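# Geometric and topological summary
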Amino acid sequence: MFSFFRKKSPPPAVQPQVVESQAIAPQTAEAPATEPVSAPAAVAAPAPAANAAPAEAPATEAAEKKSWLARLKQGLSRTGSSIAGVFGYVKVDEALFEQLEDALLMADCGVTATQKILAGLRARVKSERIEDAAAVRTALAKVLADHLRALERTPQVPAAADEKPWVVMIAGVNGAGKTTSIGKITHHLSEGGHSVLLAAADTFRAAAREQLAVWGNRNQVSVVSQEGADPGAVVFDAVQSARAKGIDVVIADTAGRLPTQLHLMEELKKIARVCGKALDGAPHERWLVIDGNTGQNAVAQVKAFNEALQLTGLIVTKLDGTAKGGVLAAIASTCPVPVLFIGVGEQLQDLQPFSAEEFAGALTGA
Ligand SMILES: Nc1nc2c(ncn2[C@@H]2O[C@H](COP(=O)(O)OP(=O)(O)O)[C@@H](O)[C@H]2O)c(=O)[nH]1
Ligand SMILES: [Mg+2]
């Protein structure tokens, strides 16, 4: 599989392990005051290689791309076909624009984005003297791609040694796909030659820690974890440990929470603050994972999590299912946090960098 986090030099050899975090931060205090945190209490050996992810079938980058694009197209096909259905019209007239308006609204684009896209399309149809409906569809794909381009961003792992570790904090509601996405990203980072340490800051549920440990084993990377610990302290420990070992990237998984659970949103801010005490400027990246099926509510999630965390990116998952996808257009016009990756399935290769053009093509059935 190709990696979208490729690095030139190989990472230092780090023994993968599951580390019991000491998590010494007092539950009431803001942050561990002193550093470093004491040595790990228990070290569990990684699972044997037989537990690793099954070997991938040889596939060229082009074939892989075709297959995930096909999944995205299929996933968005309900929206695609409803937008495409509009172009059953032969004439380019007001009725076509009205149908298109309905189709965009049905696809979760929201009123603001729909009006903006339609205005752009009308201008294009006029300036290019477009007279047949098929050409309008091509023009719509272009207008939509231009609209979504504001969301494109490629995250880079810093190359300089003194900028290590690069700390990424992941947030979102329950079941959005946080842990799965972390597993996939870790795989890409490892493939790209980066060393990774995972922090299981979803400390509420044993299953959540176990799930992250499985991904750690599959990717042969260490996981810092402790039952019932303060999530901030686990992240603090992980960052300290990564600094000591010269690890390139720390990814912190956090417990799912709703934007309406204000105390949990406060906790998220605290985790970020504590992380900054372990390393100046950390967490460098704060990514929100959203389920593509969430519809217009995703906009509210982006706004709320952005307010709490000053998000640097989004990961939109489950676009292979019944997702309508238009919500990305709504996000672009109301709260344009970059979309870094899209999830189109549960396999490792099913997380892909976001491309406005490809997404607009899939959405319009082009
Ligand atoms: N179809 C599909 N399922 C996904 C995708 N991403 C995650 N999932 C599934 O969604 C479920 C919840 O994912 P999980 O990572 O545990 O969510 P978390 O609670 O946010 O950590 C799991 O069954 C995942 O396999 C995706 O892109 N497509
Ligand atoms: Mg999880």
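Read on for an overview of the structure. Bear in mind the structure is a predicted one, so any value in this text is a computation, not a measurement. Numbering of residues begins from 1 in every chain and follows the order in which that chain's sequence is written. Key to labels: chains lettered from A, ligands numbered from 1, both in the order written. Two thresholds apply to this predicted model, a pLDDT of at least 70 for residue-level local features and 80 or more for giving and counting side-chain atom pairs, whereas whole-chain, interface and lining totals are computed over all residues. The basis for every side-chain value is the complete set of non-hydrogen atoms in the structure, without hydrogens or water.

### Some thoughts on the overall build of the protein
Using the following cut-off: Think of it this way: any DSSP run of H or I at least four residues long counts as a helix, any run of E at least two long counts as a strand, and we number them from the N terminus. Contacts between residues were defined by any pair of non-hydrogen atoms, one from each residue, lying within 4.5 Å. In these tables, accessible area is a Shrake-Rupley quantity obtained with a 1.4 Å probe, and a residue counts as shielded only by the protein chains included in the view.
Helix and strand content of the protein: twelve helices and ten strands. When contacts within the protein are restricted to residue pairs at least 6 apart in sequence, long-range pairs at least 24 apart make up 79% of them. Surface summary for the protein: the accessible area is close to 15,700 Å², and the carbon and sulfur share equals 53%.

### Here's the deal with the side chain of aspartate 108
Let me state the cut-off plainly: Residue exposure (1.4 Å probe, protein chains only): buried if accessible area is under 20% of the type maximum, exposed if over 50%, otherwise partly exposed. Here Asp and Glu are counted as negative and Lys and Arg as positive; His is not counted, and neither are the chain ends. Here, a salt bridge means any side-chain nitrogen of Lys or Arg that lies within 4 Å of a carboxyl oxygen of Asp or Glu.
Along the chain, the position of aspartate 108 falls in the loop between α3 (94-106) and α4 (110-127). No salt bridge is formed by the buried aspartate 108; the nearest opposite charge belongs to lysine 324, separated by 4.0 Å. Filtering out sequence-adjacent residues up to four positions away, aspartate 108 remains in contact with Gly295, Gln296, Lys324, Gly326, Val327 and Ala330.

### Let's talk about the packing of helix α6 (residues 178-191) against helix α7 (residues 206-219)
To be explicit about the condition: Fitted lines through C-alpha atoms give the axes, limited to the stretch in contact for helices. The angle between two N-to-C directions lies from 0 to 180 degrees. These descriptions rest on fixed angle ranges, namely under 35 degrees for roughly parallel, over 145 for roughly antiparallel, 65 to 115 for roughly perpendicular, and the rest for oblique. Here a crossing is called left-handed whenever its near helix is offset anticlockwise from the far helix by less than a right angle, and right-handed whenever the offset is clockwise. Only Asp, Glu, Lys and Arg are considered charged, only Ala, Val, Leu, Ile, Met, Phe, Trp, Tyr, Cys and Pro nonpolar, and every remaining residue, Gly among them, polar.
At a closest axis distance of 10 Å, the pairing of α6 and α7 adopts a crossing angle of 15°. Considered as vectors, α6 and α7 are oriented roughly parallel to each other. α6 and α7 meet at a crossing whose hand is right-handed. Where α6 abuts α7, its residues Thr179, Thr180, Ile182, Gly183, Lys184, Thr186, His187 and Ser190 lie against Gln211, Leu212, Trp215 and Asn219. Residue composition of the contact of α6 with α7, grouped by class: three nonpolar, eight polar and one charged.

### Concerning the site of ligand 1
Quick note on the threshold: Neighbouring residues are identified by heavy atoms, a residue being near a molecule or strand if any of them is within 4 Å of it. Polar contact is the term for a pair of N or O atoms within 3.5 Å; when the atoms are in protein, one must be able to donate a hydrogen and the other to accept it, and sequence-neighboring residues count only if both atoms are side-chain atoms.
Surrounding ligand 1, one finds 17 residues, the nearest of these being Gly175, Lys178, Thr180, Asp320 and Glu346. One nitrogen or oxygen atom from the main chain of glycine 177 is found 2.9 Å from an oxygen atom belonging to ligand 1. Taking glycine 343, its main chain carries an N or O atom lying 3.4 Å from an oxygen atom of ligand 1. The element best represented in the shell around ligand 1 is α6, accounting for four residues. In the shell around ligand 1, the residues fall into three nonpolar, nine polar and five charged.

### Re helix α10 (residues 297-309)
Our working definition: The span you would expect from a helix comes to 1.5 Å times its residue count less one.
The end-to-end C-alpha distance of α10 is 18 Å, a good match for the 18 Å that 13 residues give at a rise of 1.5 Å each. Buried residues along α10 sit against β3 (166-171), α9 (262-278), β7 (285-291), β8 (313-317) and α11 (327-334). Two residues or fewer after α10 comes glutamine 310, characterised by a positive phi angle close to 50°.

### Considerations on the packing of aromatic side chains
As a reminder of what qualifies: By convention, a stacked pair of Phe, Tyr or Trp rings (six-membered ring in the case of Trp) has centres within 6.5 Å and planes under 30 degrees apart, an edge-to-face pair has planes over 60 apart, and any other such pair is tilted. A ring is scored as having a charge over it whenever the NZ atom of a lysine or the CZ atom of an arginine sits within 6 Å of its centre and within 35 degrees of its normal.
Applying the stated criterion across every chain yields a total of three aromatic pairs. An angle of 65° between the planes, with centres 6.0 Å apart, marks the rings of tryptophan 287 and phenylalanine 341 as edge-to-face. Of this pair, tryptophan 287 sits in strand β7 while phenylalanine 341 sits in strand β9 (residues 339-343), and the two are 54 residues apart along the sequence. Residue tryptophan 287 shares its accessibility class with phenylalanine 341, and that shared class is buried. Each member of the aromatic cluster is reached from another via a ring pair, and the members are Trp166, Trp287 and Phe341. Stacked on the ring of phenylalanine 97, the Lys or Arg arginine 122 has its end atom at 4.5 Å from the ring centre. Here arginine 218 stacks its cationic end above the ring of tryptophan 215, 4.5 Å away from the centre of that ring.

### Notes on unusual backbone geometry
For the bond running from lysine 164 to proline 165, omega is -15°, close enough to zero to count as cis. Inspection of the secondary structure assignment puts proline 165 in the loop between α5 (133-148) and β3. Following alanine 282, the chain continues to proline 283 via a peptide bond in cis, the omega torsion being -5°. With respect to the helices, strands and loops of the structure, proline 283 is situated in the loop between α9 and β7.

### A closer look at the pattern of salt bridges
Inspection of every chain in the model, using the stated rule, returns 13 salt bridges. Note that glutamate 285 is salt-bridged to arginine 153, the shortest N-O span being 2.6 Å. Taken together, the residues span a long stretch of sequence, with glutamate 285 in strand β7 and arginine 153 in the loop between α5 and β3 at a distance of 132 residues. The buried category is assigned to glutamate 285, whose relative accessible area is 6%.

### What to know about α4
The cut-off we apply is this: The arc in question is the one traced by the directions running from the helix axis out to the C-beta atoms.
The end-to-end C-alpha separation of α4 is 26 Å, in line with the 26 Å expected for 18 residues at 1.5 Å each. The complete set of buried residues in α4 reads Gly110, Ala113, Thr114, Ile117, Leu118, Leu121 and Val125. All buried residues of α4 lie within an arc of 130° about the axis, which places them on one face of the element. Within α4, the exposed residues directed more than 90 degrees away from the buried face are Val111, Lys116, Lys126 and Ser127. Where the residues of α4 are buried, they touch α3, α5 and α11. Downstream of α4 by a residue or two, arginine 129 has a phi angle that is positive, lying close to 50°.

### Points about the pairing of strand β6 (residues 249-254)
So the rule is basically this: We treat two strands as partners when DSSP finds at least two bridges between them.
β6 sits mainly inside the fold: six of its six residues count as buried. With burial as the criterion, each face of β6 is covered, one bearing Val249, Ile251 and Asp253 and the other bearing Val250, Ala252 and Thr254. In this sheet, β6 lies alongside β3 in parallel orientation, the contact comprising four bridges. Bridge pairing in β6 links valine 167 to valine 250. Where strand β4 (residues 196-201) lies against β6, six bridges are found, and the strand directions are parallel. What sits directly across from alanine 201, in β6, is threonine 254.

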